[in-house]
Amino acid sequence: MTTTTLTVAAPAAVDPPTQFFRTLVAEHEKTLLAYAEKLLNDRHTAEDIVQETLIRAWPHAERLYSTDGSVRGWLLTVTRNLVIDRMRTATARRETVGAEGRDASLPDHADAVLASVDTATLLRQLSPEHREVLLHTYVCDRTVQETARILGIPTGTVKSRQHYALTSLRTKARGSARTHQA
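Because the structure is a prediction, the values reported are computed rather than measured.

Thresholds applied
Residues numbered from 1 in each chain as written. Predicted model: local features only at pLDDT ≥ 70, side-chain atom pairs only at ≥ 80, totals over all residues. Heavy atoms only, no water. Salt bridge = Lys/Arg side-chain N within 4 Å of Asp/Glu carboxyl O. Buried < 20%, exposed > 50% of the residue type's maximum accessible area, 1.4 Å probe, protein only. Helix = DSSP H or I, 4+ residues; strand = E, 2+ residues; numbered from the N terminus. Polar contact = N/O pair within 3.5 Å; in protein donor to acceptor, adjacent residues only side chain to side chain. Contact = heavy atoms within 4.5 Å. Core = buried A, V, L, I, M, F, W, Y, C linked by side-chain atoms within 4.5 Å. Axes fitted to C-alpha atoms, helices over the stretch in contact; angles between N-to-C directions. Parallel < 35°, antiparallel > 145°, perpendicular 65-115°, else oblique. Left-handed = near helix turned anticlockwise from the far one by under 90°. Expected span 1.5 Å × (residues − 1). Patch = residues over 30% accessible without salt bridge, like charges linked within 9 Å, V, L, I, M, F, W, Y side chains within 5 Å. Areas by Shrake-Rupley, 256 points an atom, 1.4 Å probe, with all protein chains shown as cover. pLDDT = per-residue confidence, 0-100.

With respect to the pattern of salt bridges
Working step 1: If you walk through the whole model with that rule in mind, you get 3 salt bridges.
Working step 2: Residue R43 pairs with E37 through a salt bridge whose shortest N-O separation is 3.1 Å.
Working step 3: Residue classification places E37 among the partly exposed residues on the basis of a relative accessible area of 27%.
Working step 4: E52 is the partner of R56 in a salt bridge, and the nearest nitrogen-oxygen pair spans 2.9 Å.

Pasting the structure below:
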């Protein structure tokens, strides 16, 4: 039986700029990514920003490590500036950073208009007491306690009127939907 020995070549000398870049990535990439992702709320765009930050650091290698200032501070400042630039550019183009489905069409406002007309019609069919409670709790965004105080009725009455008004609206809305479908 013969044995084969593997010889491993000694690693080639690494040039200083390459070593600098490896060190830069190893020491700062995770921090920069977390910072950019927190600012953008979008991981993919944050990765792009970090990559651009590291690329911009490359030409400044000697100055970054030869000065008394913080390398991480400089990198975080560059990252923040790139995020701001990206957000301004997206705003100027009326885009949102990290928006999904940018080619999606906008919804037609006609459906919202029809829904509001249907809602107004259904509300007119409620008793004045039920309509008044819904107006205060939903339209004016008041609490049950505030509505009770304003109307001068117990909170339990507000809750029951709200319950019965919503139940009535749901029943009438189902009937209205069936009528529209036919």
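Description of the side chain of H136
Working step 1: Along the chain, the position of H136 falls in helix α6 (residues 128–139).
Working step 2: Reaching out from H136, the side chain makes a polar contact with the side chain of R142 at a distance of 2.6 Å.
Working step 3: Those residues within four positions of H136 in sequence are excluded, and the remaining contacts are D141, R142, T147, I150 and L151.

Describing the nonpolar core
Working step 1: Ranked by size, the top nonpolar core spans 17 residues in total, and within it L24, A36, I49, V50 and L75 carry the most contacts.
Working step 2: For this core, the elements supplying multiple residues, two or more each, are α1 (16–40), α2 (43–57) and α4 (71–92).
Working step 3: Among the elements that take part in this core, α1 stands out by supplying 6 residues, more than any other.
Working step 4: In contact with A36, not counting residues within four places along its chain, are N41, A46, I49, V50, T79 and V83.

Here we look at the packing of α6 against helix α7 (residues 144–151)
Working step 1: Between α6 and α7, the least distance of the axes is 9 Å, while the angle of their chain directions is 130°. One finds that α6 runs oblique with respect to α7. Seen from above, α6 lies across α7 with right-handed handedness. Only T147, I150 and L151 of α7 make contact with α6, whose side of the interface consists of E132, V133, H136 and T137.

A closer look at α2
Working step 1: Relative to the 21 Å expected for 15 residues at 1.5 Å per residue, α2 spans 21 Å between its end C-alpha atoms, a close match to the ideal helical length.
Working step 2: Taken as a whole, α2 has its buried residues at T45, A46, I49, V50, T53, L54 and A57.

Digging into a nonpolar patch on the surface
Working step 1: The grouping of L135, Y138 and V139 at the surface amounts to a nonpolar patch, some 320 Å² of accessible area in total.
Working step 2: Mapped onto the elements of the fold, L135 is located in helix α6.
Working step 3: Exposure remark for L135: the relative accessible area of 41% places this residue in the partly exposed category.

Looking at unusual backbone geometry
Working step 1: Phi at N41 takes a positive value of approximately 60°, unusual for a residue other than glycine.
Working step 2: Tracing the chain through its elements places N41 in the loop between α1 and α2.
Working step 3: Overall, N41 belongs to the exposed group, its relative accessible area being 72%.
Working step 4: For D141, which is not glycine, the phi torsion reads 60° and is therefore positive.

Re the confidence of the model for the protein chain
Working step 1: With 68% of its residues at a pLDDT of 70 or more, the protein chain has an overall mean of 77.
Working step 2: Of all the helices and strands in the protein chain, helix α3 (residues 61–66) carries the lowest mean pLDDT, 69, while α7 carries the highest, 93.
Working step 3: For the stretch residues 1–12, pLDDT sits under 50, and the model shows 0 contacts to residues farther than four places along the chain or on other chains.

Quick word on the side chain of Q162
Working step 1: Summarising the element assignment, Q162 is placed in helix α8 (residues 155–181).
Working step 2: Ignoring sequence-local partners within four residues, the contact set of Q162 consists of V133, L134, T137, Y138 and V144.

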